[in-house]
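# Observations on chain architecture
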Amino acid sequence: MRLVKRRWKDVRVGDFVRVLSNQIIPADILLLHTSDPNGVCHMETANLDGETNLKQRRVVPGFSTPGKPFQPQTFSSTVVCENPNNNLNVFKGYVERPDKRRTGFGIDSLLLRGCTVRNTDDAAGIVVYAGQETKSMLNNSGPRYKRSKIERKMNTDVLFCMLLLFFMCLIGALGHSIWLETFTTMPSYIVPDRNGNYTPSVLAGFYMFFTMIILLQVMIPVSLYVSIELVKMGQIFFITQDVELYDEELDSRVQCRALNITEDLGQIQYVFSDKTGTLTENKMVFRRCTIVGTEYRHDENAARLAVVSGANEEEEDTLYQQTKLPKLPLEELQDSHTGDKNHANTQVTAANRHRSRVAAGAQCDMAFSTPLETVVVPDRKLTLEVDRQMASILSGPYLDFFLALAICNTVVVSTVTAQRQRDKGRSNSDGSFHIMGQWFRKGSLRNVFSSMKFFKRDGETLADPFAKDEDEPDMFHSSDVSDSTTGQKVLSSEGEVKRSLSRTEEVCYEAHSPDEAALIHAAKAYGFTMVERTPYHVTVKLPDDTLLKFEVLDVLTFDSTRRRMSIIVRHPHTNEIIMYTKGADSAIMERLGNVFSDMSQVDNVAKQIAVKTQKDLDMYARDGLRTLCFAKKVISEKEFKAWFAIRQEALSAIDEKEERLMDTATNIENNFTLLGATGIEDRLQENVPETIQALRRAGMQVWVLTGDKPETAINIAYSCKLLDHEQDLVFTFSTNRKSVCKMRLEDTLGEVRRSSLSPGAEVQFRGNNSGFTLMEHSIGLVIDGPTLSMAMSDDLVEQFVELCKHCRAVLCCRVTPLQKSSVVKLIRQKLRVMTLAIGDGANDVNMIQAADVGIGVSGQEGMQAVMASDFAITRFKHLQRLLLVHGHWCYSRLANMVIYFFYKNVAYVNLLFWYQFYCGFSATAMIDYWLMILFNLLFTSAPPIMFGIMDREVSDSTLLSLPELYKTGQHSEGYRRSTFWIAILDAFYQSLVCFFIPYWTYNGSDIGIFSFGTPMNTVSLFTIILHLAIEIKSWTVVHWVIMIGSVLAYFIVTLAYSAICTSCNPPSNPYWIMHKQMADPMFYLVCTLTTVVALLPRYTLHVLRGTLAPSPHLGARQLERLPPSRREQRIREWRGLRDTCISPSLRSQEHSSSPCPTA
Amino acid sequence: MRFVGRTSHVCDVYYGRSIRKAEKLIQVRPCGERDRSNRMKNEGETTERPDNTAFTQQRLPAWQPILSAGIIIPGFLLIGLAFIGIGVGLFLTSQTIQVLERDYTGIAKDSPCFSCTIPNTPNCTCEITFALSELFKGPIFFYYGLSNYYQNFRKYGVSKDYNQLTGDTQYFKSPDNFCFPFDYDSKKNPIVPCGAIANSMFNDTFELYQIINGTKKQVPLDGKGISWWTDYNLKYRNPVLVDGSFAKAFNGTVKPINWPKPAYELDLTDQNNNGFLNQDFLVWMRRSALPDFRKLYRRITEGDYSGGLPAGNYSLTVHYNYPVMSFDGKKKVVFSNVSWMGGKNDFLGIAYLVVGSLCVVMSVVMLIVYAKFKFSDDDV
């Protein structure tokens, strides 16, 4: 047998492929062999669905040959499977052996392209789908060329310009014809041809049309496109330079991958967000538990989490002092690194320090095993209780509870070698990381062991990483614990440290889901450590270091219908068959033995426990914790045997295997004894609720689309303030029947309409796009994947969209990547709104590409999302600044610049046009050609570009504190058709002034043609530059330099050019004209008067508008002038007004009668 | 889909370059110490951290003008007053300038030059008389004016050869294409100076007499320096003399069709005013911007008239050659003295006055608006 290296593109269906650990799978491969003795292969699907946990795949039954190398020669079966499809969770087929025996297989035997093999030395199989047919590729709808909204609008305006040009040329052509017609005999200044004949006037007019096009073509702002590109480059430069969007932990800035849609960031109306990894850290943390009716609050643990997450800077500082530390080396380093540079930045540094601390605690290179998750501070009361039970009876609900925590899962214990191997694979490919966190951690270590020898800054000791690897994590662990518990020394004695040290060294968990990891670590914290898991045995170490080896009889895996999983084991001591179950509260509670079902036999104790637990669960849910119930059932030998027989039968079935397996599981899972429940926190990223609220206030509708299950999603939605317990009316849609779905839709829609029209509810209309918002109850919609697809079918889609328009928040759960993108497309197309999609995983790629703006969150999981995105950020909270500040800036800058550019070209070109009326429409230019070209190219090009890059109407802090200002962009107020036409009209007016004031001044005099054009050119320059000066909102040094520089450049270049060019550039010949004009006082008088008259209307309009109808932005600018204390107050006042009556500014524009006073 | 596994064709997959690159970008979770130590070595070498400068962070100190009434109203008032001041000055200056215009086209039957408008009357002269009631202060500029004459017509404007006019005899033989159709005559002889502008040169001449007691006293007209200094001294050059003869430099060329005499005979009395350096020629070649224009003909600066034209009767003899009737053109003569602002120009002064008053009015309007809308809550 020979292995050949092949490129991915050369992999074909039917090839046998071997993939090694940490390699990416090149195609969809049916697993036929692994190095694992149990025929299991683990793969990480982060690239595909965004989940960081490991998924287990099994060799097709009957093909497992443990211990032996793979023998493809011996494979002589036929593989039959379904056609390629995009469903990542379903795969069916069978292998037919030469002897016609068939073996079925499912998705659990398929290695998916794009995933990474983990924890398995090598895996081999046969390719069933390759290339475009793979499931991951079918889920990828390919890139979409994005063009920004402004540009689309601008293109139509360019067409208007062309129309205008056409009419102007037509006027020129007709004018020329008519002018020629007036002559009975041709005067000496009309040039005949050689024979003395003259072109017929109609033909001459026809020719003139095209000559005019050449003369006036500047009307079509070709230079605008170039300038926009430059402006966008500048804008992107500034976005990427923003230090507040810089992530210290990952050492990465915001990345702008799309260069042409910066301004779309300022016009977003709908935000579609992924949940896991985007809103949350994707790190599950054990928070609380309740055992047989007693709730253990785990206050110490909560305190630790609060510290770790950096909720309060001061608190953290105090903690450091309490641990009697001199200033940490890291802090010094950081201070010197960032702190001294600028005061304004200290805040950033502080925030980053928190993060680095979090990161620094990472101790085990596993999925879900940052200290945040692994380190659980036990509740004292509970510890005592456990110890008591341990000491006395060796059984009891507490022990059962923790045993359930420890064994009722699919967590795999990985060996240290496997882990190291994985490390190696990663460190090679890893480019960047957070240096700060590194130092920090070193610092804290030194505080505990001040004599620590290996602490050095240089690489010398670092070259021996293993020594540290073993020691450090737990030292940190212990010091961290002692820090946070401040005085309650739980684990701080030397002996304790050593004990915990040896413990953590042994086990590292590979968890299927982050919840399981959190639970198993919680169990570990109480001394119940799972040390080994094979398909047949689970070994748990008890707090007194005894080992319990359970025989695993069966595992009923989790599925979304049952919403629970169970493990059936035989207790080594009592030989009892015990089933431990964990699951969603509803899934467990309804199956408790005799508690609610049979009222005659009231088991008082059990009932009370159930009631109390339910109460605790409700509380957990309110706090946004993910809840899980634990139960146990003792099964008699007989019962088990009977059930097991049925089970075996179901397992070997081919038809309806799933259903039958489920039935068997349901049959045994009943009559539980409730053990307790846990509350797990999927920690939100920092500032997520604030960000969502800010986006909301900025008028954006926020949707969350997640593949997660509804319970979790809803919890998160509440905790991130997407939904609100008090204010929101939440409708949940979850059904499998279309008729039901339709009914629900109609009902809800009717209800929503009724309530919105009822007199009690104050309704605020907010334009056609965003529907309206109910003041008393805003509506939240929760919908799951299958229902969503029904709702989006052709006949229901209109109603669904209508309903969505009314919803303040929409939460879609259990949606596939493709559904995500189709939701985005639907909203984008039906409502004609600007959409933004943000996500971090490969499952978000479609959505990111479908939206007008796609944002990738880089960090936890792979780069797929980032690769597909237009902008890549590292934290969700950056979205706030990216949209509200940079988006707004970019939008208003670009909009203003585009408008200005149109104006500029028209204003200048029209000078030439007006002149045509005085030169027989002969397309003569009174300005030297070179100066005309340079005028656009040199003298007036830099100011608008700078304007587009650097103008700042309102400062970032004000924009952040008043998200309402963002609405300007959403409603495209910066650049509308009316704005365009006003600009054009103004351009016409200004060009008329610029032409006719010099005209009347010089008419009848002996002025030469270019002497006449020079003051016009100059006046035009002044007008155009000063027009911009009126528009510029903030003048920095750069502004002054460029504006004054442009004027100077004009004079210098013109003077130099007309001094040098004695007889060049016929026929215009500018020789000495400028000098002569500048020696004439009339020149200056004309220039002054013309400029003032040209700009007077615009300036007056600005002034009057500022006084009579100030825009919100003007108000905001005035706020900035106030002293900080007053400003705060005014902002609060402003917000107060805005909150009670939504956006008076908008309403006052669209519906003139506004009950709210304008601020 | 059905397929049979092939025989031992096993491949270890080779990751293409792009894949590897993509993987490199993957941000690995915070993890074990070994990774960290590797990366520790890179510390300080590269960091993505943006420069925290005022420029990159868009925190440059900025002046943010807000158009508040406190600035606007006095601003408008000031501009208005200044403009009114300038306007008054301009207007008064303009009033001091004396202008005398006489149309001599001869359209009306009773006008002195009517007889010359009849075609084919060579060497027609006519006489225009005018009386001055007071002294016409000198120095006086004597213009001829044409109206409805489009020197700015594009094809007309380009129709000249600069290289010829710089005296480069090389171009005498092959005039520029721009001169078409005035580059060669019917016998393919090159025309110098070629082109429509030169061809259509204004060729009326004038003599001014003061009538003192019935006798005509010629007013000396100063034809020097009426063109631009740069035109005369730098831009236009006569060809180098050939064998000491100016005419020979033009050998092999013909005069423009409409000209009565060749370029080298434009002023035989003064070689410095001859050829391309002839002042009248230079004045004509500088195209006027608008169809109604005047061009400087002579100045009255010499002799008894250096102080101006005293009151009395004057007679202007016109050698009427230039046809304008075909395109409804008008011809006129203009006498004018000048001030610092050039010729008489009432427009600018009035415009300044109007705009200035407008500004003052605006400031008042603004004050009213401001009082009505702003005073209530501006003091907070």
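Quick caveat: nothing in here was measured; it's all calculated off a predicted structure. (Residues numbered from 1 in each chain as written. Chains lettered and ligands numbered in written order. Predicted model: local features only at pLDDT ≥ 70, side-chain atom pairs only at ≥ 80, totals over all residues. Heavy atoms only, no water.)

## Points about the sheet that holds strand β10 (residues 116-118) of chain A
All names here are of chain A.
- Read from one edge to the other, the open sheet built from 3 strands follows the order β5-β4-β10, with strand pairing classed as antiparallel. For this open sheet the edge positions go to β5 (54-58) and β10, each flanked by a neighbour on one side alone. Here the average twist between neighbouring strands, direction ignored, is 40 degrees.
- The sheet contact formed by strand β4 (residues 40-44) and β10 spans 3 bridges and is antiparallel. For E44, the partnering residue across the bridge sits in β10 and is T116. (Pairing = 2+ DSSP bridges. Helix = DSSP H or I, 4+ residues; strand = E, 2+ residues; numbered from the N terminus. Axes fitted to C-alpha atoms, helices over the stretch in contact; angles between N-to-C directions.)

## So, the pattern of salt bridges
Residue and element names in this part refer to chain A.
- The tally for this structure, following the rule as stated, stands at 38 salt bridges over all chains.
- Between E686 and R875 there is a salt bridge; the shortest N-O distance is 3.9 Å. Of the two residues, E686 sits in the loop between β24 (673-684) and α23 (688-697) while R875 sits in the loop between β33 (871-873) and α31 (878-916), which places them 189 residues apart along the sequence.
- A salt bridge links E802 to R753; the shortest N-O distance between them is 3.8 Å. (Salt bridge = Lys/Arg side-chain N within 4 Å of Asp/Glu carboxyl O.)

## Describing the packing of aromatic side chains
- Under the definition given, this model contains 90 aromatic pairs over all chains.
- Centroid distance F250(B) to Y264(B): 5.1 Å. Interplanar angle 45 degrees. Geometry classified as tilted. With F250(B) in the loop between α9 (246-249) and α10 (279-285) and Y264(B) in the loop between α9 and α10, the pair connects residues that are 14 residues apart, well separated along the chain.
- The buried category is assigned to F250(B), whose relative accessible area is 3%.
- The ring of F63(A) carries the charged tip of R97(A) above its face, separated from the ring centre by 4.3 Å.
- Over the aromatic face of Y209(B) sits the side chain of K216(B), whose NZ or CZ is 5.0 Å from the ring centroid. (Phe/Tyr/Trp six-rings, centres within 6.5 Å; stacked < 30°, edge-to-face > 60°. Buried < 20%, exposed > 50% of the residue type's maximum accessible area, 1.4 Å probe, protein only. Lys NZ or Arg CZ within 6 Å of the ring centre and 35° of its normal.)

## So, the environment of C41(A)
All names here are of chain A.
- As for its position among the elements, C41 is in strand β4.
- Each C-alpha atom, one on C41 and one on Q389, is 39 Å from the other, the two residues being 348 residues apart in sequence.
- Those residues within four positions of C41 in sequence are excluded, and the remaining contacts are L31, T34, K55, Q56, R57, L111, V117, T120 and A123. (Contact = heavy atoms within 4.5 Å.)

Read these as layout, nothing more, since geometry by itself doesn't imply function.
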